[in-house]
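This is what each chain is made of:
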Amino acid sequence: MLRKPSHRTAAVLAAVAGLTVALAATVRAADDATGNSMQAQIDHGKSTYASKCSHCHGPNLMNSGTITPDLRAIPDDKTRFITTVKNGKNNKMPPWGDILNDEEIGSLWAFISSRRKP
């Protein structure tokens, strides 16, 4: 014999449905303002890194024996990263702000932060 769900059961089911919708919205929020998925940003960043950054920083985000830092260990600080890429650093890393646009730099961050070792 089937029973009618109680008000408490219905409330729990409604809460679960609401959380499911909220979770889906959170996943969509991982997309950037142009609608690119996070994976698309990472893929674009990987391509940009290979063509613009790997010659100094190494193909695997590190280049042993050079002054370049291991990018797998950089701080989780997007603002600092963007500033460094745009303006250069310590007269050792050249500024890229006139070469890379904001989308490319954001994609670089997505790629590098996806490979970061906490």
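Thresholds, definitions, all that
- Residues numbered from 1 in each chain as written.
- Predicted model: local features only at pLDDT ≥ 70, side-chain atom pairs only at ≥ 80, totals over all residues.
- Heavy atoms only, no water.
- Helix = DSSP H or I, 4+ residues; strand = E, 2+ residues; numbered from the N terminus.
- Buried < 20%, exposed > 50% of the residue type's maximum accessible area, 1.4 Å probe, protein only.
- Contact = heavy atoms within 4.5 Å.
- pLDDT = per-residue confidence, 0-100.
- Salt bridge = Lys/Arg side-chain N within 4 Å of Asp/Glu carboxyl O.
- Axes fitted to C-alpha atoms, helices over the stretch in contact; angles between N-to-C directions.
- Parallel < 35°, antiparallel > 145°, perpendicular 65-115°, else oblique.
- Nonpolar A, V, L, I, M, F, W, Y, C, P; charged D, E, K, R; others polar.
- Phe/Tyr/Trp six-rings, centres within 6.5 Å; stacked < 30°, edge-to-face > 60°.

1. Focus: the overall build of the chain
Then comes step 1: Scanning the chain for helices and strands turns up five helices and zero strands.
Then comes step 2: Along the chain, from the amino end to the carboxyl end, the secondary structure elements read α-α-α-α-α.
Then comes step 3: Expressed as a percentage of the 118 residues in the chain, the buried residues total 23%.
Then comes step 4: For the chain, long-range pairs separated by at least 24 residues make up 51% of all intrachain contacts whose partners lie at least 6 apart in sequence.

2. A few points about the confidence of the model for the chain
Then comes step 1: Residues with a pLDDT of 70 or more make up 69% of the chain, whose mean pLDDT is 80.
Then comes step 2: For the stretch residues 15-29, pLDDT sits under 50, and the model shows zero contacts to residues farther than four places along the chain or on other chains.

3. Things to note about the pattern of salt bridges
Then comes step 1: Enumeration according to the criterion identifies two salt bridges in this entry.
Then comes step 2: Of the charged contacts in the structure, one is a salt bridge between Asp70 and Arg72, with a shortest N-O distance of 2.8 Å.

4. Topic: the environment of Lys52
Then comes step 1: Note that Lys52 resides in helix H2 (residues 38-52).
Then comes step 2: Lys52 gets classed as partly exposed once you look at its relative accessible area, which sits at 30%.
Then comes step 3: Distance in space between the C-alpha atoms of Lys52 and Trp96 is 9.4 Å, their sequence separation being 44 residues.

5. Topic: the packing of H2 against helix H5 (residues 102-114)
Geometry of a packed helix pair, given as the angle between the helix axes and the separation of the axes.
Then comes step 1: Running from amino to carboxyl end, H2 crosses H5 at an angle of 100°, the nearest separation of the two axes being 7 Å. With respect to H5, the axis of H2 lies roughly perpendicular. Contact residues: Met38, Gln41, Ile42, His44, Gly45, Lys46, Thr48 and Tyr49 in H2; Glu104, Ser107, Leu108, Ala110, Phe111, Ile112 and Ser114 in H5.
Then comes step 2: Of the residues assigned to the contact of H2 with H5, the class counts are seven nonpolar, six polar and two charged.

6. What to know about the packing of aromatic side chains
Then comes step 1: Taken as a whole and judged by the stated rule, the model has two aromatic pairs.
Then comes step 2: Ring centres of Phe81 and Trp109 lie 5.2 Å apart, and the angle between their planes is 50°; on these two criteria the pair is classed as tilted. Here Phe81, found in helix H4 (residues 78-87), pairs with Trp109, found in helix H5; they are 28 residues apart in sequence, far enough to count as distant.
Then comes step 3: On the accessibility criterion, Phe81 (11% relative accessible area) is buried.
Then comes step 4: Assessed through its relative accessible area of 8%, Trp109 is described here as buried.

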